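What the coordinates show
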Amino acid sequence: MFVTHDVSLAARTTLGLGGSARRLLRVEALGDLQEALALAAGEPVLVLGGGSNLVVRDGGFAGTVIEMAIPGVTITADGDTAIVSAFAGVEWDALVAQLVDAGLAGVESMSGIPGRVGATPMQNVGAYGQEVADTIELVRVLDRQTGEIERFEPADCGFAYRTSVFKGSAQWIVVEVRFRLRRSTLSAPIRYPELARALGVAPGEGAPLAEVRRTVIELRRGKGMVVDADDPDSRSAGSFFMNPIVDAPMLAAIEARVPAGVTMPTFPAPAGHTKLSAGWLIERAGFVKGTTRGRVGISSKHALALINRGGATTTELLALAREIQDGVRARFGVDLVPEPVIVGAD
Ligand code: EPU
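From a predicted model like this one, the values you see are computed outputs, not experimental measurements.

**Some remarks on the pattern of salt bridges**
- Per the stated rule, a full pass over the model turns up 25 salt bridges.
- Across the pair R57 and D346 runs a salt bridge whose closest N-O atoms are separated by 3.5 Å. With R57 in the loop between strand 4 (54–56) and strand 5 (61–68) and D346 in the segment after strand 20 (341–343), this pair connects stretches of sequence that are 289 residues apart.
- Exposure remark for D346: the relative accessible area of 75% places this residue in the exposed category.

Below is the structure:
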């Protein structure tokens, strides 16, 4: 285990924002995790993965950060499927690349997503018609109350759109995720129209895994959603807001505010609900792509990504987020909910 003091968290987040942590413990083995928690007993603990979905306030974190860096991937064939075990510190996209190469289907549409495996069940990471909940077989967590390793079956994980029982809970630390993937060099049916179009297949058809991976990364890059030092639009936490999910009366109320002749994009959601596009609502409320507010702004490629334009503070970023929330509420009566985890003191 590596111990460092007064550690800049800005350097450990894709936004490049936020104050310092009093102490950081880098955990590279399961045994170290128990030791790290014992060391941090009685203080606030922040579990850190790749820092790609994290907003740290300027006052930093007055406690111990535990950086999950436990490596290890094993693949075990099981009939026409395979069980893939990945520990929390594995880079998500390196895992996806490995699985695509191994001819295992089920996560290829989630290519190019930053962060580490341990964070994926937390917010039920998803993109282009796939989410990790579709293929997760088991999540192993450390229960901070008992110090024991517990096993969560998918039914106990509370997976829904960008959430799970683990999100916002201080009780469990994800240490390992097991996926069950299909042994096939052809992807799962492509459900996302934009991806199907880019691949030249009909929605519902499959495509070669490697081609899906390449195409998804291209699409993401075009939206500034691939972390790249040469792309200032990628200095973000990905989507800053969740896409709102509304019931029929709410949908009707919002549609009544859409000007005649304009079609609002809508997507079916479970239980007869409708998912709206937060990016569209933001643009229609007047916050066009490329909007700037001093050192922060909206990505020039995607209205849902808020960016640090260089030397910004988290206070500035959160002020822009609030301005957008107020604007969308005033225009459409919809409350946008931030998607990243926001921690620390002002
Ligand atoms: N749109 C706009 N303006 C924009 C962006 C989008 O009007 O600037 C509208 C368009 O109508 C577009 C629709 O929104 O067709 C959907 O846009 P997109 O395909 O880019 O997807 P998204 O809903 O904005 C979600 C996820 C992304 C994920 C993509 C692709 C959330 C909050 N975001 O974005 O995930 O990559 O779908 O599946 O669910 C993330 O969570 O950080 C993330 C990047």
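Here the narrative resumes, following the displayed structure.
**Concerning the environment of A253**
- By the secondary structure assignment, A253 is in helix 5 (residues 248–255).
- Using a relative accessible area of 42% as the deciding quantity, one classes A253 as partly exposed.

**Details of the packing of aromatic side chains**
- Applying the stated criterion across every chain yields a total of seven aromatic pairs.
- With centroids separated by 5.1 Å and ring planes inclined at 70°, the aromatic side chains of F152 and F166 adopt a geometry described as edge-to-face. Of the two residues, F152 is situated in strand 12 (residues 149–152) and F166 in the loop between strand 12 and strand 13 (172–183); the sequence distance between them amounts to 14 residues. An identical accessibility class is assigned to F152 and F166; each is buried.
- With a centroid separation of 5.1 Å and 75° between ring planes, the pair formed by F152 and W172 is classed as edge-to-face. Placement of the pair is F152 in strand 12 and W172 in strand 13, with a sequence separation of 20 residues.
- When its relative accessible area of 12% is taken as the criterion, F152 is described as buried.
- Judged by relative accessible area, W172 falls into the buried class, the value being 18%.

**Structural notes on the pairing of strand 7 (residues 81–87)**
- For strand 7, a buried count of seven out of seven residues is recorded, marking the element as mostly surrounded by other parts of the structure.
- Going residue by residue along strand 7, you find T81, I83, S85 and F87 tucked away on one face and A82, V84 and A86 tucked away on the opposite face as well.
- As paired elements, strand 6 (residues 73–78) and strand 7 share six bridges and run antiparallel to each other. Residue pairing in the sheet places T76 in a bridge with I83 of strand 7.

**A closer look at the site of the ligand**
- Residues in contact with the ligand amount to 24 residues; listed here are only the nearest, Y128, Y161, Y192, S277 and E283.
- Within the side chain of H302, an N or O atom sits 2.7 Å from an oxygen atom of the ligand.
- Take A303: an N or O atom from its main chain is 2.7 Å from an oxygen atom of the ligand.
- Protein contacts shield 82% of the accessible area of the ligand, which totals 810 Å² for the unbound molecule.
- Looking at the shell around the ligand residue by residue, the class counts come to eleven nonpolar, six polar and seven charged.
- Looking at which domains feed residues into the shell around the ligand, each of domain 2 (73–222) and domain 3 (232–343) gives three or more.

**Describing unusual backbone geometry**
- Located in the positive-phi region is D6, a residue other than glycine, with phi close to 45°.
- As for its position among the elements, D6 is in strand 1 (residues 2–8).
- Residue class for D6 comes out exposed when judged on its relative accessible area of 63%.

**Here we look at the environment of A229**
- Position of A229 among the secondary structure elements: in the loop between helix 4 (209–222) and strand 14 (245–246).
- A relative accessible area of 83% places A229 in the exposed class.
- Sequence separation between A229 and D326 is 97 residues; the distance between their C-alpha atoms is 31 Å.

**Topic: the domain arrangement of the protein**
- Taken domain by domain, the protein holds domain 1 (2–68), domain 2 (73–222) and domain 3 (232–343).
- Taken together, the contacts link 13 residues of domain 1 with 19 residues of domain 3.
- Both faces combined, the contact of domain 1 with domain 3 buries some 1,400 Å², and carbon together with sulfur accounts for 56% of it.
- For the domain 1 face of the interface with domain 3, the top three residues by lost area are L15, N53 and V55, together amounting to 43%.
- Run the count over domain 1 and domain 3 and you get zero salt bridges.
- There are eleven residue pairs in polar contact (both at pLDDT 80 or more) connecting domain 1 and domain 3.

**Some details on the packing of helix 2 (residues 92–101) against helix 4**
- The contact between helix 2 and helix 4 brings their axes to 9 Å, and the two run at 150°. What the angle tells us is that helix 2 and helix 4 run roughly antiparallel. Residue-level contacts link D93, V96, A97 and V100 of helix 2 to L209, A210 and R213 of helix 4.
- For the contact of helix 2 with helix 4, the per-class residue count stands at five nonpolar, no polar and two charged.

**A short note on the sheet that holds strand 18 (residues 296–298)**
- The sheet built from three strands is open, its strands ordered 17-18-19 with antiparallel pairing. Of all strands in the sheet, those bounded by a partner on one side alone are strand 17 (292–293) and strand 19 (306–308).
- By the bridge criterion, two bridges tie strand 17 to strand 18 in an arrangement that is antiparallel. By the bridge assignment, T292 is partnered in strand 18 with G297.
- Lying over the sheet, helix 7 (residues 314–332) contacts strand 17, strand 18 and strand 19, oriented at roughly 35° with respect to strand 18.

Parameters at a glance
- Residues numbered from 1 in each chain as written.
- Predicted model: local features only at pLDDT ≥ 70, side-chain atom pairs only at ≥ 80, totals over all residues.
- Heavy atoms only, no water.
- Salt bridge = Lys/Arg side-chain N within 4 Å of Asp/Glu carboxyl O.
- Helix = DSSP H or I, 4+ residues; strand = E, 2+ residues; numbered from the N terminus.
- Buried < 20%, exposed > 50% of the residue type's maximum accessible area, 1.4 Å probe, protein only.
- Phe/Tyr/Trp six-rings, centres within 6.5 Å; stacked < 30°, edge-to-face > 60°.
- Pairing = 2+ DSSP bridges.
- Near = heavy atom within 4 Å.
- Polar contact = N/O pair within 3.5 Å; in protein donor to acceptor, adjacent residues only side chain to side chain.
- Areas by Shrake-Rupley, 256 points an atom, 1.4 Å probe, with all protein chains shown as cover.
- Nonpolar A, V, L, I, M, F, W, Y, C, P; charged D, E, K, R; others polar.
- Domains from an automatic or database assignment.
- Contact = heavy atoms within 4.5 Å.
- Buried area = accessible area lost by both parts, 1.4 Å probe.
- Axes fitted to C-alpha atoms, helices over the stretch in contact; angles between N-to-C directions.
- Parallel < 35°, antiparallel > 145°, perpendicular 65-115°, else oblique.

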